[in-house]
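Residue-level structural notes
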Amino acid sequence: MLCCDTIGNILRLAIIVGCIAALIFQYLSISSCNFLELESPVATESLPFSRTSIGIFFVGTDSECSKEPYDVTEDSFARGARYTSILSVLCGMI
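Conventions we followed
Residues numbered from 1 in each chain as written. Predicted model: local features only at pLDDT ≥ 70, side-chain atom pairs only at ≥ 80, totals over all residues. Heavy atoms only, no water. Helix = DSSP H or I, 4+ residues; strand = E, 2+ residues; numbered from the N terminus. Buried < 20%, exposed > 50% of the residue type's maximum accessible area, 1.4 Å probe, protein only. Contact = heavy atoms within 4.5 Å. pLDDT = per-residue confidence, 0-100. Patch = residues over 30% accessible without salt bridge, like charges linked within 9 Å, V, L, I, M, F, W, Y side chains within 5 Å. Areas by Shrake-Rupley, 256 points an atom, 1.4 Å probe, with all protein chains shown as cover. Salt bridge = Lys/Arg side-chain N within 4 Å of Asp/Glu carboxyl O. Core = buried A, V, L, I, M, F, W, Y, C linked by side-chain atoms within 4.5 Å. Expected span 1.5 Å × (residues − 1). Arc of directions from axis to C-beta.

A tally of helices and strands in the chain yields two helices and four strands. Each helix (α) and strand (β) of the chain, taken in turn from the N terminus, gives the series α-β-β-β-β-α. Counting only residues that meet the buried cut, the chain has 16% of its 94 residues in that class. Contacts in the chain between residues far apart in sequence, at least 24 positions, make up 26% of those at least 6 positions apart.

Here it is in structure tokens:
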């Protein structure tokens, strides 16, 4: 019986560690602006392209994130992604 208890405790620990890791990665996904990257040509010779990074809450240009979340009142897809992400984090914490 000791063997089964030890295996059960190890599996419980693995599940708890996995849930904690998932919450950490979800938080990083929410707080970053590197969900989708777009490149667009620029007319200057010193900077051949401009890279725009789009996240669930933040937008950045050339690896610099904005501090304020962008407005999604007109975009139902982005608004749905925000609600789904927040709901996923809350359900993961329970």
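Now for the confidence of the model for the chain. A low pLDDT means the predicted coordinates there should not be read in detail. For the chain, per-residue confidence averages 76 on the pLDDT scale, and residues scoring 70 or more make up 79% of the total. Helix α1 (residues 2–31) holds the highest mean pLDDT among the elements of the chain, 84, whereas strand β1 (residues 36–41) holds the lowest, 65.

With that settled, the discussion passes to a nonpolar patch on the surface. Together, I16, I20, I24, F25, Y27 and L28 make up an exposed nonpolar region whose accessible area comes to about 660 Å². The topology assignment puts Y27 in helix α1.

In this section: the nonpolar core. I30, C33, I56, F57, F58 and V89 together form the largest nonpolar core, which totals six residues. In contact with C33, not counting residues within four places along its chain, are S53, I54, G55, F58, V59, G60 and C65.

What follows covers the side chain of S85. For S85, the location among the structural elements is in helix α2 (residues 76–93). On the accessibility criterion, S85 (12% relative accessible area) is buried. Those residues in contact with S85 that lie beyond four places of it in its chain are I30 and I56.

Three- or four-residue spacings in an α-helix give side chains the same orientation, since the helix completes a turn every 3.6 residues. The terminal C-alpha atoms of α2 lie 26 Å apart, and with 18 residues this matches the ideal 26 Å at 1.5 Å per residue to within 8%. Restricting attention to buried positions, one finds in α2 the residues A78, R82, S85 and V89. Each buried residue of α2 sits inside an arc of 65 degrees when the element is viewed along its axis, so together they form one side. With respect to the buried face of α2, the exposed residues turned more than 90 degrees away are S76, F77, Y83, T84, L87 and C91.

In this fold, R82 is placed in helix α2. A relative accessible area of 11% means that R82 is categorised as buried. Setting aside chain neighbours within four positions, we find R82 in contact with I56, F57, P69, Y70 and V72.

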